[in-house]
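Residues per chain, in single letters:
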Amino acid sequence: QAHCSQWHASSSAMPDVPADLVQRLHQAWDIESALDSCTDLSLLNASNAGSVVQKLAKLGTWSVDPRLQAVLAKAAEVMPVATEPRQVSGFLWALAKLAQGSSISLKFDTSLLRQFNHIDGPIAIQSIGKLGGTGYKKLVKRISKDMLLCMDQLQVQGLSQIVHGLSAIGSGEEALVEALGKQVIKKRWDMNEIEVASIVHGMAKLNQGGVLTNMVEVVQYYLASMSSQQVANCVSAYARQATSGYTDWSFEDLFAKHIARRSKDFNRQETATVCWSLATAGSRGGFEDMRRRARELVGGMSGQEMSTVAWALATLGEHDEELMTAIANRARKRCRQLSPLDISELLWSFARLDVLPQRCCRKLGLAVVERTSTEEWPARQLATAIWSVAKLGDVATGTPQLVAAVAAASLPLLSSGGFAPRDLSNMSWAVATLFGLWDPEDKARCEESLGQFLETLRCSGEAAIGQFNAQECSKFLFAMSKLGMKEKMKEAVAQDREQECQFGDQRIRILFRPPGRNLRHTGVAIWDASLVLSEWLVAHGAGLGKHGVRCAKLAGSTVVEIGAGVGVVAVTAAKLGAKVLATDGDQQALDLLSRNASRNEAELEVKQLSWGPGATVGIAAPDIVLGAGIVYGVSHETWRNLVLTLKDFCGPHTTVILASGQGAAPGVHESKGAFFEFADQYFVHSKVAPGSLAEKHRKSCAIHLLHLKASKRTSGGSPDERQRKKRH
């Protein structure tokens with residue numbers, strides 16, 4: 001009755017629909033009678049087909065019916081030449097409602113269409129988003145232009161529909177997205193919780209961080225009244241933004257208490273989403289509650305949900321034996337239902353957490369062997385799977401059969417450049433590592449049968465060597481050496497390369513080389529820690545005192561960098577106004593450092609320095625001593641000499657700032673391990689608040705501050721300090 005009343009009320013506004021068809025639809029009380037009334041397809045034309053199909057869809061969703069298919073086919077035949085936006089939006093809405101996008105694709109003649117208004121345009125874009133966007137690029141561009149003309153007339157619901165549609169399509173309409181962002185900010189307090197969650201989720205997919213920042217207060221206001229799904233959407237939206245750089249808000253402060261309070265309300269999918277979000281943002285606030293919820297729900301989880309929870313645990317380094325055992329048992333039983341992504345993420349999680357559920361890992365390893373021959377696996381999943389198997393060892397069936405299966409699946413992707421640098425590095429390391437586990441016969445047989453794969457792998461890595469970061473390059477060169485291809489890589493390794501680094505408003509260009517093997521000449525590469533420390537100095541150099549540094553600001557301070565390498569940090573500090581002395585023990589690194597200082601017009605001094613007792617650089621107790629990525633490897637003697645060097649350099653007002661990235665010595669990120677045992681004899685150490693780092697670095701990097709203990713300051717001090725006292 002409600003549908004018929006609505007239809008009757010609007011019939012006067014649709015004179016283009018033939019009266020007899022309208023009358024029959026008026027009398028239709030259910031979908032069956034409605035379809036029976038549409039037997040005369042000749043009545044459908046470009047002026048009414050959209051409205052007719054839309055009204056049919058409103059009567060309900062039904063299974064595939066020949067009468068329905070006939071109506072849709074006729075409508076699809078006449079709609080491309082439609083002129084009324086209302087008909088187009090109605091037809092698209094009906095297709096999305098009926099989930100018929102895969103069977104029907106239209107190419108509208110946009111030159112015939114009148115202008116879309118603030119009602120029809122949002123409905124059309126949202127519907128195209130639900131249909132996947134394929135084949136509607138030209139129409140989206142046309143509607144986007146019309147929406148820019150009526151932007152001020154859009155209500156909150158219309159904004160939400162457009163944001164939802166564009167985020168599903170993948171946008172491409174930058175001007176419209178920018179205008180939408182301004183309107184969302186302007187009308188943010190006119191929204192309800194449903195609209196807030198939808199818009200925030202869509203804006204995150206559109207990479208509109210500024211909009212999310214402006215929406216923080218609104219999200220905070222509505223979080224308590226949101227449904228569990230809306231909370232999960234908001235959490236995932238801000239987790240995406242948290243990885244993009246510095247933010248004016250704290251992810252943990254925004255969501256931790258709400259996640260803890262609402263954890264029991266989340267269903268399986270929402271639990272996986274929230275776990276993923278916490279791991280992505282590097283936040284542990286509320287994660288314990290989510291672990292408990294995951295343990296309750298794991299028995300009914302899908303492969304995607306299980307692998308997502310396992311990935312979150314591994315990413316945060318959270319060891320939960322009960323949960324991981326339950327995931328392993330369920331994954332083993334549902335192995336055939338797991339996707340390549342599920343398999344690779346589960347193996348990766350077991351490897352990262354050093355969890356060895358043997359029966360599950362063997363089953364997953366066998367699944368890799370069987371399914372790579374029948375399914376197309378993406379490069380990332382192939383590389384992740386074999387890397388994980390290599391980390392786990394024989395427990396995951398790290399046999400020649402598995403390597404042969406992955407090699408066969410990888411060869412076409414390698415030949416076409418389908419592997420990213422990280423995947424090439426992981427794949428190479430894994431193959432070399434697995435070769436080392438086999439007996440000589442298996443190894444010889446594999447080397448012979450996989451000759452083409454190994455050569456293609458080497459060529460692909462050589463072509464991409466300039467795109468590797470230092471850790472990836474070091475791993476790749478190690479693998480090539482183990483696989484007997486050391487000589488073939490000599491020419492590629494010897495070449496100087498250039499990388500442009502952008503830190504805030506500071507831009508520098510750095511020459512570097514691939515790092516040497518066996519921890520020799522590592523200083524000639526650009527390591528993550530140097531990028532992290534440079535970015536931190538640019539962001540906080542004007543207010544270092546607020547972060548525990550005894551020098552109030554970087555500009556004008558006296559700075560010594562040890563282990564400066566090619567000079568990323570030293571050049572950045574000099575450009576920020578510090579008086580810098582950059583030191584390193586490797587003459588190759590010093591040569592590159594001097595060239596980089598000159599080409600970036602950075603005034604700094606360069607000296608060679610070997611660590612150990614009595615080391616001096618001619619600067620009396622500098623304000624700051626910098627070190628990026630210098631605590632690595634396993635050499636206790638090297639760490640002891642480093643600590644003694646730092647002790648000799650420091651005065652009562654000196655702050656040592658050490659940045660550590662991936663590949664740091666064991667325990668360094670957590671302020672533990674042998675290095676800090678040595679350092680604690682002479683220094684008081686603290687860790688810079690993770691919130692002061694860009695969120696994308698908070699999980700993998702750390703910055704520590706060291707200050708000399710008062711009891712360890714000798715009466716005479718170091719030679720440089722005595723010289724400074726004499727001068728004063």
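Note that the coordinates shown come from a computational prediction; the quantities given were computed from them, not determined experimentally.

## Overview of the pattern of salt bridges
Part 1 of the reasoning: Evaluation of the coordinates by the stated rule reveals 28 salt bridges.
Part 2 of the reasoning: Taking the shortest distance from any N to any O, the salt bridge between R114 and E84 comes out at 2.2 Å. Residue R114 is located in the loop between α6 (85-97) and α7 (120-130), and its partner E84 is located in the loop between α5 (66-78) and α6; the two are separated by 30 residues in the primary sequence.
Part 3 of the reasoning: We note a salt bridge from E498 to R599, for which the minimum N-O separation is 2.7 Å. With E498 in strand β1 (residues 497-503) and R599 in helix α31 (residues 587-599), this residue pair connects regions lying 101 residues apart in the sequence.

## Section: the environment of L537
Part 1 of the reasoning: With respect to the secondary-structure elements, L537 resides in helix α29 (residues 528-540).
Part 2 of the reasoning: Sequence separation between L537 and K553 is 16 residues, and the spatial gap between their C-alpha atoms is 9.7 Å.
Part 3 of the reasoning: Among residues more than four places away in sequence, those in contact with L537 are L554, V569, L576 and L626.

## Remarks on the nonpolar core
Part 1 of the reasoning: With 165 residues, the main nonpolar core has Y136, L139, Y238 and F255 as its most contacted residues.
Part 2 of the reasoning: Within the second largest apolar cluster, 46 residues are counted, among which are V538, A578, A628 and L705.

## So, the side chain of S160
Part 1 of the reasoning: Mapped onto the elements, S160 comes out in helix α9 (residues 156-169).
Part 2 of the reasoning: Relative accessible area serves as the criterion here: at 10%, S160 is assigned to the buried category.
Part 3 of the reasoning: Separated by 3.2 Å, the side chains of S160 and S198 make a polar contact.
Part 4 of the reasoning: In this structure, S160 is in contact with S198 and I199, ignoring residues within four places of it in sequence.

## A few points about the packing of aromatic side chains
Part 1 of the reasoning: As enumerated under the stated definition, the model contains 7 aromatic pairs in all.
Part 2 of the reasoning: Judged by centre distance (5.1 Å) and plane angle (85 degrees), the ring pair of Y221 and Y222 falls under edge-to-face.
Part 3 of the reasoning: According to the relative accessible area criterion, Y221 is exposed, its value standing at 57%.
Part 4 of the reasoning: Residue classification places Y222 among the buried positions, given a relative accessible area of 14%.
Part 5 of the reasoning: Ring centres of Y238 and F255 lie 5.7 Å apart, and the angle between their planes is 55 degrees; this geometry places the pair in the tilted category. Note that Y238 is positioned in helix α14 (residues 228-242) and F255 in helix α15 (residues 251-262), a separation of 17 residues in sequence.

## Considering unusual backbone geometry
For residues besides glycine, phi is generally negative; the peptide bonds are generally trans as well.
Part 1 of the reasoning: In the Ramachandran plot, N207 falls in the positive-phi region, its phi being about 60 degrees despite a non-glycine side chain.
Part 2 of the reasoning: Relative to the elements of secondary structure, N207 occurs in the loop between α11 (193-205) and α12 (209-214).
Part 3 of the reasoning: Exposure remark for N207: the relative accessible area of 64% places this residue in the exposed category.
Part 4 of the reasoning: One non-glycine residue, E601, lies in the positive phi region at around 55 degrees.
Part 5 of the reasoning: By secondary structure assignment, the location of E601 is in the loop between α31 and β5 (604-608).

## A closer look at α9
Part 1 of the reasoning: Look at α9: 20 Å from first C-alpha to last across 14 residues, which is about the 20 Å you get at 1.5 Å a residue.
Part 2 of the reasoning: The set of residues buried in α9 consists of V156, G158, L159, S160, Q161, I162, V163, G165, L166 and S167.
Part 3 of the reasoning: Those residues of α9 that are buried are in contact with α7, α8 (137-149), α10 (174-186) and α11.
Part 4 of the reasoning: G170, located one to two residues past α9, shows a positive phi value of around 105 degrees.

## Some details on the sheet that holds strand β8 (residues 683-687)
Pairing between sheet strands relies on hydrogen bonds along the backbone, with the strands arranged either parallel or antiparallel.
Part 1 of the reasoning: Taken in spatial order, the 7 strands line up as β5-β4-β3-β6-β7-β9-β8 in an open sheet, and their pairing is mixed. On the outer flanks of this sheet lie β5 and β8, each paired with one strand and no other. Looking at each pair of strands side by side, their axes are set apart by 20 degrees on average, direction ignored.
Part 2 of the reasoning: One ladder, built from 5 bridges, connects strand β4 (residues 579-584) with β5; its direction is parallel. Counted as the bridge partner of T583 is K607 from β5.
Part 3 of the reasoning: Where α31 meets the sheet, its contacts fall on β4 and β5, and the angle it forms with β5 comes to roughly 170 degrees.
Part 4 of the reasoning: Against the sheet, helix α32 (residues 636-649) engages β3 (558-561), β6 (624-628), β7 (655-660), β8 and β9 (702-708), with an angle of about 105 degrees to β8.

The rules behind each value
Residues numbered from 1 in each chain as written. Predicted model: local features only at pLDDT ≥ 70, side-chain atom pairs only at ≥ 80, totals over all residues. Heavy atoms only, no water. Salt bridge = Lys/Arg side-chain N within 4 Å of Asp/Glu carboxyl O. Helix = DSSP H or I, 4+ residues; strand = E, 2+ residues; numbered from the N terminus. Contact = heavy atoms within 4.5 Å. Core = buried A, V, L, I, M, F, W, Y, C linked by side-chain atoms within 4.5 Å. Buried < 20%, exposed > 50% of the residue type's maximum accessible area, 1.4 Å probe, protein only. Polar contact = N/O pair within 3.5 Å; in protein donor to acceptor, adjacent residues only side chain to side chain. Phe/Tyr/Trp six-rings, centres within 6.5 Å; stacked < 30°, edge-to-face > 60°. Expected span 1.5 Å × (residues − 1). Pairing = 2+ DSSP bridges. Axes fitted to C-alpha atoms, helices over the stretch in contact; angles between N-to-C directions.

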